[in-house]
Amino acid sequence: MTHTPLSPRTRTRARSRRALLCAALLALTVQTTAVAPALADGPGGRGGSDCVRTEGHRDGKARKVLDITRKAKKDLRLNAVQVRVTIDGREVLTDALGESMTGVPAEPGMHFRAGSVAFAHIATALLKLVEERRVRLDDTVERWLPDLPKANRITLRMLASNTTGLHDYVTDPEFLKELEAHPFRAWTPEQLVAYPLRHSFWYEPGTSWSYSHANYVYLIEALEKITGVRIDRLVREKVTGPLELRNTRNNFTPEIPRPVLHAFTSDRGLYEESTFWNPSWTTAPGAVITTDICDLARSAQAIGSGELLSPRSYRTLLNPGTVGLGGGTATCPATICLKQTEAAHFGLGVIVVNGWILQNPSFSGYAAIQAYLPSKRLAIAVSATKTATTPDGNQAEVVAERIAAALAPGDPLAIG
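A. Representation of the state of the cysteines in the model. The final tally for this structure, using the stated rule, is 2 disulfides. Covalently, C51 is tied to C294 through a disulfide, its sulfur atoms 2.1 Å apart. Judged by the sign of its S-S torsion, about 90°, the cystine formed by C51 and C294 is right-handed. Highlighted residues: C51 in the loop between helix 1 (9–21) and helix 2 (60–76) and C294 in helix 9 (residues 293–305), separated in sequence by 243 residues. Taken as a pair, C51 and C294 share a single burial class, namely buried. Disulfide partner of C332: C337, at an S-S distance of 2.0 Å. Judged by the sign of its S-S torsion, about 100°, the cystine formed by C332 and C337 is right-handed. Since its relative accessible area comes to 1%, C337 is described here as buried. What links to what in the protein chain: the bonded cysteines, counted in sequence order, pair as 1-2, 3-4.

B. The arrangement of the side chain of T316 in detail. Among the structural elements, T316 can be located in helix 10 (residues 311–318). Under the relative-accessibility criterion, T316 is labelled buried at 17%. Setting aside residues no more than four positions away along its own chain, T316 makes contact with L127, L137, R157 and L348.

C. Examining the nonpolar core more closely. In terms of nonpolar packing, the biggest core is built from 99 residues, with I122, F175, W356, V382 and I403 touching the most fellow members. If you tally residues by element for this core, the top one is helix 7 (residues 213–227), at 9 residues. Non-local contacts of V382, meaning those with residues more than four positions away in its chain, are made with V81, Q82, V83, I293, L296, A367, A368, I369, A396, V399, A400 and I403. With 21 residues, the next largest nonpolar core counts M110, F112, I256 and A368 among its residues.

Procedures and definitions
Residues numbered from 1 in each chain as written. Predicted model: local features only at pLDDT ≥ 70, side-chain atom pairs only at ≥ 80, totals over all residues. Heavy atoms only, no water. Disulfide = S-S within 2.5 Å. Helix = DSSP H or I, 4+ residues; strand = E, 2+ residues; numbered from the N terminus. Buried < 20%, exposed > 50% of the residue type's maximum accessible area, 1.4 Å probe, protein only. Contact = heavy atoms within 4.5 Å. Core = buried A, V, L, I, M, F, W, Y, C linked by side-chain atoms within 4.5 Å.

Shown next, in the form of structure tokens:
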């Protein structure tokens, strides 16, 4: 769910790895019916016909955002772009450009995979449990995760902030080989964490920073055991329900609720449809979400402003102790143990860049970003899909960066 290098075979894997890694790592330094139980109440709300293009008179800001989006779509050779911008919760522009499939126009209400956006919701749910005194961030996890090595030294805070030292299975060549060969495979949490457990820890828990999807696989298991509630229901109770994100939902199969924004990718060397590739590898069951652009903008605003949290919890969300950690060592290269700075660091399930609070999923042909600037109360949500000639990387970020430069020129959303 996230950017870093893999050949025509290796170059294909290079594209694949960058696409897989782009969502969760700090991109400025390197580096997804039986829709069964949902993270929010079923269809309705802001999805489908309720998430529609801005109608009527468009003011200067709206026209500027639309012009920027149109030019970016052309420059980046994108198949489709969905965009929604709000200021202080009020709509500036909602629109969709391009096609979902040949001859099928993209619409704002079409659903897409949101990947690591779920991590922001899960971290917020964790902080809510801390506020309720049901658990402490610095509780070690051996009682809930007895099979996790060093569990008596790993805390909930470390899992949520990516400071455990666990390897990331998404960067494991053996995992990538299997994923490339079998994109429809359904993965179990046990199969996923088996890859990082083949390796020694990068560092002693809590002493550095390195992104690993395994952290959230384990965190989800711990939260389910702490609460006795399945993660999709817990997040619905604590986050997506109160925020009325009716079109943000967990999917226990690769199906996506209709209407669907279709995705295409060249990750395997051939431009092909990837809409229904199985996203089970992205995290644990119950947290593999889809959304629409209206919910994504609302999520950006709510998570970025700490709407559901106390002031203390909000400060922790933005910096749980990660600033100052990272940097290359004898046992962990600088491309893995990324230096965490005040200007650019990972919080609890969110990325903080120059004051912006964001998540940026990119995998299997889908790319998106939710970004919020508290000082301007500005929320930007972008979803994008590719043509065969779209540049590598999360191009939704590029669209968002251009919009941010126009609306908040003093606060660059400098992710790349």
